[in-house]
Protein chains: 2
Amino acid sequence: MSHKLMQMQRAETGPPPVRPIMLGIAGDSAAGKTTLTGGLVRALGAERSTSLCVDDYHRYDREERASLPFTPLHPDCNYVEIMEQHLQLLATGKPVLKPVYDHSNGTLTRPVLLEPREFVIVEGLLPLYTKLARACFDVTVFLAPPEDIRTRWKITRDTTKRGYTEEKVRAEMQRREPESERFIRSQRSNADIVIVFSPIEGRDDPPDTPLSATILLRPTIPHPPLAEILAETPSKAMHVKLMRDLDGSPVDALHIHGYAPTEQSTAVANAIWERLPVDEPLPDGLGRLAEGERNEPLRLAQLILLYHLMGGA
Amino acid sequence: MSHKLMQMQRAETGPPPVRPIMLGIAGDSAAGKTTLTGGLVRALGAERSTSLCVDDYHRYDREERASLPFTPLHPDCNYVEIMEQHLQLLATGKPVLKPVYDHSNGTLTRPVLLEPREFVIVEGLLPLYTKLARACFDVTVFLAPPEDIRTRWKITRDTTKRGYTEEKVRAEMQRREPESERFIRSQRSNADIVIVFSPIEGRDDPPDTPLSATILLRPTIPHPPLAEILAETPSKAMHVKLMRDLDGSPVDALHIHGYAPTEQSTAVANAIWERLPVDEPLPDGLGRLAEGERNEPLRLAQLILLYHLMGGA
């Protein structure tokens, strides 16, 4: 250790910071990251949890990007090294002065102080891109809706909230496709959990059937005892199947059926919730979609993540 | 060490960063910090050195401060903890995303990437305010011109560059006085070197005589061998005297005479420069004032700092 490092360590005051539990959620634009995160923060409470979006680490604003050969998905378009640094600081319980990218007008603005809480949820395009960033997380998630569903979600959001036309959104998605594949979808292999919201293949459900979800659980971390939970709550709400992910790695695929009766998925939800070290009843804020509707597979996905965050057993 | 700290350390890539030599220059508003720093950066070269102003760590913009009970001098008006964090990162060779306060209009704007170089010069109102910040520096300086001279400098700058009237500047200085004393001038005791630009007391020099300087050298770090240098270059340019600083601590007071002939102070300048591990001749950018004039005591002060930065012997 250098003398200056020693000086700095001796000059630290106050109690050693508490190390938060960190969850990283990666996924392409409009993959559902904010919706997933929102329910978790509501369930954990704003006093105990904080969330941040690492797209704030964009290196260029919208105007500067217009003359650059890459899209915001490219690591060179982001302060990846600073993102890693801030994730390390948060993971060791230290505050950061986080940059701010204003999605409404595409400008970089005044940074904000972010103090870690007991739970820190980090979402964005590239949170799992580097080994050092991944080392900061206790649990990692990749959101992977099929492209046709993500396109629908992105058009809805970007035309209503970000001032784009449908034509522009489609053109931009096409322009981003090579970088989506190379930098965003490649993070899927590094996630402990992959969540795919999508209708069940081969079923002919009526058009307003809630979306189902497939949750792939990699044996990189210990997951909730699903076989045990399924045995307790025999239902149509979900089933588990051993399979291989796209990269060939073995996973447990948990299929959660959007068409199942709410009582049945609520029974499963309660069975997971009971395994968490809490006394309160199942929180109300789970499973909420942007428009205020609810989705049972989203609720179960959030409960599995809460199990990991809160230390279920 | 926690398992996550271990994970992070293992995930670090690339060679270990080089630790820069760090100089901290504290002083009140318009005390001459930027002028002193400018000559050092010119002498060291922009490739080898970088400077930053910690007033960029202001927590509130000018508009927000209008309704707050303290001035920008108050630590609570600054992200002191983030300043400490960034100084630690720079001192250990890491880049930071530095906030930016725009003095021209009093707003906080988009942060900038700052990568440490071989020499990092940090100036501002509060760089020596905390023990942890001080632990990051190899050399520390406090600039302490007499208040009447600082008032003149501040009026000149703030009326020409920051859009204030003389009346407003004087009113603001009065409002700041208690915080100047409590937070700014208190840093003087923690500096290795105190620099006071001021006419020599008791002399009746013509009004355009260049300002003299008194440089107080605390025995907290080893200083250039001034007795030896003075013996080599018998001149009117300077003399050394043992005395006590305002806080009673023993110091060597180096009096540099603004009225001395330039040849004589140049001889002293060369005698210091020859003790530095460089082959080039004495650099031209030293001693330059804001208006393009030159001041020999400023040049000698900068040379003493270069001696500390470059490792003179």
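Note that the structure is a prediction, hence the values are computed from the model and not measured.

A.B. asks: What am I meant to see in the overall build of chain A here?
C.D. replies: In terms of regular secondary structure, chain A is built from ten helices and ten strands. Whereas a compact globule of 313 residues would reach a radius of gyration of roughly 20 Å, chain A reaches 20 Å, a difference of no more than 12%. Counting only C-alpha atoms, chain A reaches 60 × 50 × 35 Å along its principal axes. Split into buried and exposed, the 313 residues of chain A put 54% on the buried side. Contacts in chain A between residues far apart in sequence, at least 24 positions, make up 71% of those at least 6 positions apart. Surface exposure of chain A reaches about 14,300 Å², of which carbon and sulfur atoms provide 52%. In chain A, 37 side chains carry a positive charge and 43 a negative one; their mean positions are 4 Å apart.

A.B. asks: I keep staring at the UniProt feature "domain: Phosphoribulokinase/uridine kinase" (unreviewed entry) in chain A and nothing clicks. Help me out?
C.D. replies: This chain's UniProt record puts "domain: Phosphoribulokinase/uridine kinase" (unreviewed entry) on residues 23–196 of chain A. Secondary structure content for residues 23–196 of chain A is 38% helix and 23% strand, and the end C-alpha separation is 18 Å.

A.B. asks: Sorry if this is basic, but what is going on with the interface of chain A and chain B here?
C.D. replies: Interfaces are often described in size by the accessible area the parts lose on coming together. Facing the 39 residues of chain A at the interface are 39 residues of chain B. Both faces considered, chain A and chain B share a buried interface measuring about 3,200 Å² in area, 61% of it formed by carbon and sulfur atoms. Linking chain A to chain B there are four salt bridges. On the surface where chain A and chain B come into contact, there are eight residue pairs in polar contact (both at pLDDT 80 or more). The residue makeup of the side of chain A that touches chain B, split by class, is 21 nonpolar, seven polar and eleven charged.

A.B. asks: What is the right way to look at helix α4 (residues 80–91) of chain B in this model?
C.D. replies: Residues spaced three or four apart along an α-helix face the same direction, because each turn holds 3.6 residues. All names here are of chain B. An ideal rise of 1.5 Å per residue puts 16 Å on twelve residues; α4 measures up with 16 Å between its terminal C-alpha atoms. A large share of α4 lies buried, amounting to eleven of its twelve residues. Of all the positions in α4, only Val80, Ile82, Met83, Glu84, Gln85, His86, Leu87, Gln88, Leu89, Leu90 and Ala91 are classed as buried. Two residues or fewer past α4, Gly93 is found with a positive phi of approximately 85°.

A.B. asks: Which parts of the structure should I look at to understand the relation of the copies chain A and chain B?
C.D. replies: Between the two chain copies there is a screw-like relation: a rotation about an axis and a shift along it. Overlaying chain A with chain B gives an RMSD of 0.0 Å, the required rotation being 180° about an axis along which the chain moves by 0.0 Å. Seen this way, the second copy is the image of the first under a two-fold rotation axis. By residue overlap, the copies meet face to face through one surface: 100% of the interface positions of chain A are interface positions in chain B.

A.B. asks: What is the right way to read the packing of helix α9 (residues 262–273) of chain A against helix α10 (residues 296–310) of chain A from this model?
C.D. replies: For any two helices packed against each other, one specifies the crossing angle of their axes together with the interaxial distance. Residues and elements named next belong to chain A. Look at α9 against α10: their axes get within 10 Å of each other, and the N-to-C directions meet at 5°. Put simply, α9 runs roughly parallel to α10. Counting all contacts with α9, which are made through Thr262, Ser265, Thr266, Val268, Ala269, Ile272 and Trp273, the residues of α10 involved are Glu296, Arg299, Leu300, Leu303, Ile304, Leu306 and Tyr307. Of the residues contributing to the contact of α9 with α10, the split by class is nine nonpolar, three polar and two charged.

A.B. asks: What is the right way to look at the packing of aromatic side chains in this model?
C.D. replies: The geometry of two aromatic rings is summed up by the distance between their centres and the angle between their planes. The final tally for this structure, using the stated rule, is four aromatic pairs over all chains. Summarising the aromatic geometry, the rings of Tyr129 of chain B and Phe183 of chain B are spaced 6.0 Å apart at their centres and angled 75° between planes, so their arrangement reads as edge-to-face. You can see Tyr129 of chain B sitting in the loop between β5 (119–124) and α5 (131–134) and its partner Phe183 of chain B sitting in helix α7 (residues 166–184), a full 54 residues away along the chain. By relative accessible area, which is 4% here, Phe183 of chain B ends up buried. Sitting over the face of the ring of Tyr259 of chain A, Arg203 of chain A holds its NZ or CZ atom 3.4 Å from the ring centroid.

A.B. asks: What's the story with the pairing of strand β8 (residues 213–217) of chain B in this structure? I'm lost.
C.D. replies: Moving residue by residue along a regular strand, the side chains alternate between the two faces of the sheet. Residues and elements named next belong to chain B. In terms of burial, β8 is largely enclosed, as five of its five residues are buried. Burial of the side chains of β8 extends over both faces: Ala213, Ile215 and Leu217 are buried on one face and Thr214 and Leu216 on the other. Judged from the five bridges that link them, β8 and strand β10 (residues 250–256) form a sheet pairing that is antiparallel. For Ile215, the partnering residue across the bridge sits in β10 and is Leu254.

A.B. asks: Mind showing me how you'd approach the domain arrangement of chain A here?
C.D. replies: All names here are of chain A. Taken domain by domain, chain A comprises domain 1 (19–144) and domain 2 (192–313). Using C-alpha coordinates to define each centre, domain 1 is positioned 25 Å away from domain 2. Of the residues lining the interface, 18 residues belong to domain 1; the matching set on domain 2 comes to 20 residues. At the boundary of domain 1 and domain 2, one finds zero salt bridges. Our enumeration of links across domain 1 and domain 2 arrives at seven residue pairs in polar contact (both at pLDDT 80 or more). Among the secondary structure elements, those contributing two or more residues to the side of domain 1 that touches domain 2 are β1 (21–27), α2 (33–44) and β6 (139–143). Across the side of domain 1 that touches domain 2, the residue classes tally to twelve nonpolar, three polar and three charged.

A.B. asks: In this structure, what is going on with helix α1 (residues 3–11) of chain B? I would like to understand it.
C.D. replies: Buried within α1 of chain B are the following residues: Lys4, Met8 and Ala11 of chain B. For α1 of chain B, the arc enclosing every buried residue in end-on projection is 70°, short of the 170-degree limit, so these residues lie on one face. Here the buried face of α1 of chain B lies against β1, α4 (80–91) and α5 (131–134) of chain A.

A.B. asks: So what exactly am I meant to see when it comes to the sheet that holds strand β2 (residues 49–53) of chain B here?
C.D. replies: Strand pairing within a sheet occurs via backbone hydrogen bonds; the two strands may be parallel or antiparallel. Residue and element names in this part refer to chain B. The eight strands lie next to each other as β2-β5-β1-β6-β7-β8-β10-β9, forming an open sheet whose pairing is mixed. The open sheet terminates on both sides in strands that have one partner only, identified here as β2 and β9 (238–244). With direction set aside, neighbouring strand axes in the sheet form an average angle of 20°. Of the strand pairs in this sheet, β2 and β5 are connected by five bridges, and their pairing is parallel. The residue of β5 that forms the bridge with Ser49 is Phe119. Contacting β1 (21–27), β5, β6 (139–143), β7 (193–197), β8, β9 and β10, helix α10 (residues 296–310) crosses the sheet at an angle of about 165° to β7.

A.B. asks: Hey, could you run me through the pattern of salt bridges in this one?
C.D. replies: Pairing between side chains becomes possible if they bear opposite charge and their charged atoms approach one another. Residue and element names in this part refer to chain B. All told, the structure shown has 40 salt bridges over all chains when counted by the stated rule. One salt bridge in this structure joins Arg299 and Glu296, with 2.9 Å as the shortest N-O distance. In this pair, Arg299 and Glu296 are both assigned in helix α10, three residues apart and thus about one turn of the helix distant. We classify Arg299 as buried; its relative accessible area is 10%.

Calculation rules
- Residues numbered from 1 in each chain as written.
- Chains lettered and ligands numbered in written order.
- Predicted model: local features only at pLDDT ≥ 70, side-chain atom pairs only at ≥ 80, totals over all residues.
- Heavy atoms only, no water.
- Helix = DSSP H or I, 4+ residues; strand = E, 2+ residues; numbered from the N terminus.
- Rg over C-alpha atoms; globule rule 2.2 N^0.38 Å.
- Buried < 20%, exposed > 50% of the residue type's maximum accessible area, 1.4 Å probe, protein only.
- Contact = heavy atoms within 4.5 Å.
- Areas by Shrake-Rupley, 256 points an atom, 1.4 Å probe, with all protein chains shown as cover.
- Lys, Arg positive; Asp, Glu negative; His and termini not counted.
- Charge placed at Lys NZ, Arg CZ, Asp CG, Glu CD.
- UniProt positions renumbered as here; feature names shortened; annotations may be inferred.
- Buried area = accessible area lost by both parts, 1.4 Å probe.
- Salt bridge = Lys/Arg side-chain N within 4 Å of Asp/Glu carboxyl O.
- Polar contact = N/O pair within 3.5 Å; in protein donor to acceptor, adjacent residues only side chain to side chain.
- Nonpolar A, V, L, I, M, F, W, Y, C, P; charged D, E, K, R; others polar.
- Expected span 1.5 Å × (residues − 1).
- Least-squares fit on C-alpha atoms with pLDDT ≥ 70 in both.
- Axes fitted to C-alpha atoms, helices over the stretch in contact; angles between N-to-C directions.
- Parallel < 35°, antiparallel > 145°, perpendicular 65-115°, else oblique.
- Phe/Tyr/Trp six-rings, centres within 6.5 Å; stacked < 30°, edge-to-face > 60°.
- Lys NZ or Arg CZ within 6 Å of the ring centre and 35° of its normal.
- Pairing = 2+ DSSP bridges.
- Domains from an automatic or database assignment.
- Arc of directions from axis to C-beta.

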